[in-house]
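# Observations on the three-dimensional arrangement
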Amino acid sequence: MDVQTKVVSANLTTSLYKSLVRELHLIWQFTGRDISSTIIPPILFILAAGHYVQSSFTELFFTLFSGTLFVWLYLFSFCLSNQIAGVEEDRINKPNRPLVTGKISLHGALMRWFLSMGIFTFIGWYFGVLEWALICQMVVVLHNFGGWDKHWITKNFLIGLGTFAHLAAVWQLMTPITPIAWRWLFVMGAIWSTLVALQDLRDIEGDLAVNRSTFPIAFGETASRFILSLGFGFLPFVTHFILMMPAQNTASTLACDIVLAVFSWLIAARIVLNRSPREDHQTYMLFTYWYCLVLASAIVVL
């Protein structure tokens, strides 16, 4: 290989490396805020399903790989389309996002979204969970391009449905959905549908700017904080009686109950006492950590 060829090869390698790093950085900017709500919980639910059926290491490893790929495609396609449709809103609420800062063009974002949706469909078909992939894609389209995010009822319903669908997919990747798994799926979907309005407390200004009727805007901030705080106050009783108690009253189940109750009541208190957008974001992140913990507890109790 002559010197000129080596230089061209080195330049090409450097260019490819820089492109890859840039793409990974863009992916992180689009999805990084939602890792604790959309990637980690399904991984924990896969571990719970693996423990439930006493899967082999090989089965567990394959399901973790396929499940992580599935939920990442869901997250990426959702976040990408959400930010494509919400550039003006993000100028107010989240001005550091890639489309607002100009790190990627609208055309480039659309091309990536179409590609991700196509791959998502193929992956769903290939791994035998196409029905759940299609439901997730329906959530993406209706929420971000169908106008269902404009009213709190349809917006919250879709978030709960998406939670239900992607958790169902990862469980089904491991084993057929059992009655106890259905119970967990319905409860998780219902909790997100009813309490996800917590995230809207931080975005009131931007939502008003785009005429979105979220729960806090429809009912007023003060009333919404009281209702959501009450919901989180009762949440430990829901998880105990519907999810934990059927697993029998063991020491590990009691420990899960206590940890989840502490997080729930901490969130309930913060909703009332901590009222800035920054503090509301931190409170919402605590909710995502609670979500991770409740699905981690499934590993113990199932």
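Note: the structure precedes this text.
The text that follows walks through the structure, step by step, so that each part is easy to find. (Residues numbered from 1 in each chain as written. Predicted model: local features only at pLDDT ≥ 70, side-chain atom pairs only at ≥ 80, totals over all residues. Heavy atoms only, no water.)

## Quick look at the packing of helix H4 (residues 57-85) against helix H7 (residues 106-126)
Across the interface, H4 lies against H7 with an axial gap of 9 Å and an inter-helix angle of 150°. When the axis of H4 is compared with that of H7, the two are roughly antiparallel. Note that H4 runs across H7; the crossing there is left-handed. Of the residues in H7, those in contact with Leu69, Phe70, Leu73, Tyr74, Phe76, Ser77, Leu80, Ser81 and Ile84 of H4 are Leu106, Ala109, Leu110, Arg112, Trp113, Ser116, Met117, Ile119, Phe120, Ile123 and Gly124. (Axes fitted to C-alpha atoms, helices over the stretch in contact; angles between N-to-C directions. Helix = DSSP H or I, 4+ residues; strand = E, 2+ residues; numbered from the N terminus. Parallel < 35°, antiparallel > 145°, perpendicular 65-115°, else oblique. Left-handed = near helix turned anticlockwise from the far one by under 90°. Contact = heavy atoms within 4.5 Å.)

## Structural notes on the nonpolar core
Within soluble globular proteins, side chains that are nonpolar generally end up buried alongside one another. Core analysis: the biggest nonpolar cluster contains 83 residues, and Trp184, Met188, Phe287, Trp290 and Val294 have the highest contact counts within it. Here the element with the most residues in this core is helix H9 (residues 152-174); it accounts for 12 residues. In contact with Trp290, other than residues within four places in its own chain, are Met188, Ile191, Leu235, Thr239, Leu260, Phe263, Ser264 and Ile267. (Core = buried A, V, L, I, M, F, W, Y, C linked by side-chain atoms within 4.5 Å. Buried < 20%, exposed > 50% of the residue type's maximum accessible area, 1.4 Å probe, protein only.)

## Section: the packing of H4 against H9
The geometry of H4 relative to H9 is characterised by a closest axis approach of 8 Å and an angle of 160° between their N-to-C directions. Comparing their axes, H9 and H4 come out roughly antiparallel. Crossing of H4 over H9 shows right-handed handedness. Contacts from Glu59, Leu60, Thr63, Ser66, Gly67, Phe70, Val71, Tyr74 and Phe78 of H4 reach H9 at Ile159, Gly162, His166, Ala169, Val170, Leu173 and Met174. Of the residues belonging to the contact of H4 with H9, the class tally is 10 nonpolar, 5 polar and 1 charged. (Nonpolar A, V, L, I, M, F, W, Y, C, P; charged D, E, K, R; others polar.)

## Quick look at a nonpolar patch on the surface
Judged by side-chain polarity, Phe226, Ile227, Leu230, Phe234, Phe237, Val238, Phe241, Ile242, Met245 and Trp265 come together as a nonpolar surface patch covering roughly 1,000 Å² of accessible area. Examining the composition of the nonpolar patch, we find that 8 residues originate from one element, helix H13 (residues 221-244), more than from any other. Inspection of the secondary structure assignment puts Ile242 in helix H13. For Ile242, a relative accessible area of 37% translates into the label partly exposed. (Patch = residues over 30% accessible without salt bridge, like charges linked within 9 Å, V, L, I, M, F, W, Y side chains within 5 Å. Areas by Shrake-Rupley, 256 points an atom, 1.4 Å probe, with all protein chains shown as cover. Salt bridge = Lys/Arg side-chain N within 4 Å of Asp/Glu carboxyl O.)

## Points about the state of the cysteines
This structure, assessed with the given rule, holds 0 disulfides. The cysteine Cys256 is free of any disulfide, with Cys292 supplying the nearest cysteine sulfur at 14 Å. For Cys292, a relative accessible area of 11% translates into the label buried. (Disulfide = S-S within 2.5 Å.)

## Let's talk about the environment of Leu286
Its location among the elements puts Leu286 in helix H15 (residues 277-301). Sequence separation of Leu286 and Ile180 is 106 residues, and the distance between their C-alpha atoms is 26 Å. Setting aside its immediate chain neighbours within four residues, Leu286 contacts Phe263, Leu266, Ile267 and Arg270.

## Overview of the packing of aromatic side chains
In the structure shown here, the tally under the stated rule is 29 aromatic pairs. Geometrically, the ring pair formed by Trp132 and Phe164 is edge-to-face, given 5.8 Å between the ring centres and 65° between the ring planes. In this pair, Trp132 is assigned in helix H8 (residues 130-144) and Phe164 in helix H9, connecting sequence segments 32 residues apart. As far as the burial class goes, Trp132 and Phe164 line up, both buried. Here Phe164 and Trp182 contribute two aromatic rings whose centre-to-centre distance is 6.0 Å and whose plane-to-plane angle is 25°, an arrangement assigned as stacked. Remark: Trp182 occurs in helix H10 (residues 179-195) and Phe164 occurs in helix H9; sequence separation between them is 18 residues. By the ring-pair criterion, three or more aromatic residues cluster together here, those being Trp192, Phe232, Tyr284, Phe287, Trp290 and Tyr291. (Phe/Tyr/Trp six-rings, centres within 6.5 Å; stacked < 30°, edge-to-face > 60°.)

## Some points on the pattern of salt bridges
This model, assessed by the stated rule, comprises 8 salt bridges. Where Asp200 meets Lys155, a salt bridge forms, and the shortest distance between an N and an O atom there is 3.0 Å. A residue pair is termed long-range when its members are at least 10 positions apart, and Asp200 in the loop between H10 and helix H11 (204-209) and Lys155 in helix H9 qualify at 45 residues. By the burial criterion, Asp200 is buried, and Lys155 matches it. The residue Asp203 makes a salt bridge to Arg202 at a minimum N-O spacing of 3.4 Å.

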